[in-house]
Amino acid sequence: MVSPTRFSHNLLLGLPREYSSRLLAKAPVIFVKQGKALFEIGAAADGCYYLEHGVLKVSIASPEGGAERIVAILGPGAIVGELAMIDGLPRSATVQALRDSRLTFLSRSVFLECLQEDPKIHSHLVTTLVERLRQTDEELAAASFLSLEARVARALLQFAKYLGEPGDTPDQVIIPQRIRQDDLAALAHVARENVSRILSMWRKRKIIEQSSPAIYVIHKTRLESEAAKLSV
């Protein structure tokens with residue numbers, strides 16, 4: 001599973017304040033309703049978006065059968081689609097709102113003007129790209145040793161991080177929004193049948209509870225223990 005943490009190490013985060021302020025100056029605000037797409041894979045790209053409020057799902061689809069693979073779940077503070085600022089190529093993934101979201105649009109043309117005025121930004125971008133590639137390689141290597149249970153646990157914890165609310169005890173997290181098993185499977189990179197089997201096992205062991213199909217109650221410490229399991 002590719003961890004969403006790699007998206008937190010963003011190409012545009014860490015720019016000097018004068019440049020980030022200029023990029024954000026007079027930037028238009030975009031609202032995306034829950035269930036609607038911010039953009040689709042293959043769409044023309046003329047900038048990126050700063051997520052002020054809400055939750056987004058980043059996904060790609062298999063060219064053969066169209067099966068979805070979730071690349072990341074993103075929360076406030078994330079920048080979405082920043083590679084378009086560098087290469088101007090069509091979108092490489094589809095981004096959909098899991099909750100009503102508010103974003104600020106950052107124009108590629110303004111960004112390129114900043115690059116021309118101060119070439120030192122190029123050095124920042126190259127360094128960040130190298131760090132991102134190294135981090136991605138490390139995460140892929142680590143994920144290859146995880147058990148199926150650990151992959152599903154990490155996926156569910158990601159949903160809990162951005163969609164969860166405090167429960168009755170400090171260790172409980174309630175997800176009051178329906179999460180499809182297909183979405184868990186797509187984020188964990190496992191078959192849906194495995195997700196169904198693992199969730200059933202966790203319910204019996206009281207790692208998770210479901211008062212209804214749309215509400216998960218997670219015992220966080222127990223689920224985190226599952227997330228650390230290695231394959232045998």
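In the block above lies the structure referred to throughout.
This text gives an overview of the structure that appears in the document. (Residues numbered from 1 in each chain as written. Predicted model: local features only at pLDDT ≥ 70, side-chain atom pairs only at ≥ 80, totals over all residues. Heavy atoms only, no water.)

Focus on the environment of Glu-149
- Within the secondary structure, Glu-149 sits in helix α6 (residues 148-163).
- Assessed through its relative accessible area of 18%, Glu-149 is described here as buried.
- Here the alpha-carbon distance between Glu-149 and Val-195, two residues 46 residues apart in the chain, equals 8.4 Å.
- Filtering out sequence-adjacent residues up to four positions away, Glu-149 remains in contact with Arg-197, Ile-198, Met-201, Trp-202 and Glu-226. (Helix = DSSP H or I, 4+ residues; strand = E, 2+ residues; numbered from the N terminus. Buried < 20%, exposed > 50% of the residue type's maximum accessible area, 1.4 Å probe, protein only. Contact = heavy atoms within 4.5 Å.)

Section: the pairing of strand β6 (residues 94-107)
- Pairing of strand β1 (residues 29-32) with β6, which is carried by four bridges, proceeds in the antiparallel orientation. Within β6, the residue paired with Val-29 across the bridge is Thr-104.
- Here strand β2 (residues 37-39) runs beside β6; their pairing, made up of two bridges, is antiparallel. Each bridged residue has a counterpart across the sheet, and for Ala-37 the counterpart in β6 is Gln-96.
- With 11 bridges joining them, strand β3 (residues 47-61) and β6 adopt antiparallel strand pairing. What sits directly across from Gly-47, in β6, is Ser-107. (Pairing = 2+ DSSP bridges.)

Thoughts on the sheet that holds strand β10 (residues 215-219)
- What the four strands build is an open sheet, ordered β7-β8-β10-β9; its pairing is antiparallel. The sheet is open, and its two edges are formed by β7 (165-166) and β9 (208-212), each paired on a single side.
- As defined by bridge partners, strand β8 (residues 172-175) adjoins β10 across four bridges and the pair is classed as antiparallel. Along β10, the bridge assignment pairs Val-173 with Ile-218.
- Contacts between helix α9 (residues 220-227) and the sheet are confined to β8 and β10, with β10 contributing the most and set at about 80 degrees to the helix. (Axes fitted to C-alpha atoms, helices over the stretch in contact; angles between N-to-C directions.)

A closer look at the pattern of salt bridges
- Here the structure, examined in full by the defined rule, presents eight salt bridges.
- One salt bridge in this structure joins Arg-180 and Asp-182, with 3.9 Å as the shortest N-O distance.
- According to the relative accessible area criterion, Arg-180 is partly exposed, its value standing at 39%.
- Lys-229 is the partner of Glu-226 in a salt bridge, and the nearest nitrogen-oxygen pair spans 3.1 Å.
- In this structure Glu-226 comes out as buried when scored by relative accessible area, which is 3%.
- Salt bridges sharing common partners tie together Lys-57, Arg-180, Asp-182, Asp-183 and Arg-192. (Salt bridge = Lys/Arg side-chain N within 4 Å of Asp/Glu carboxyl O.)

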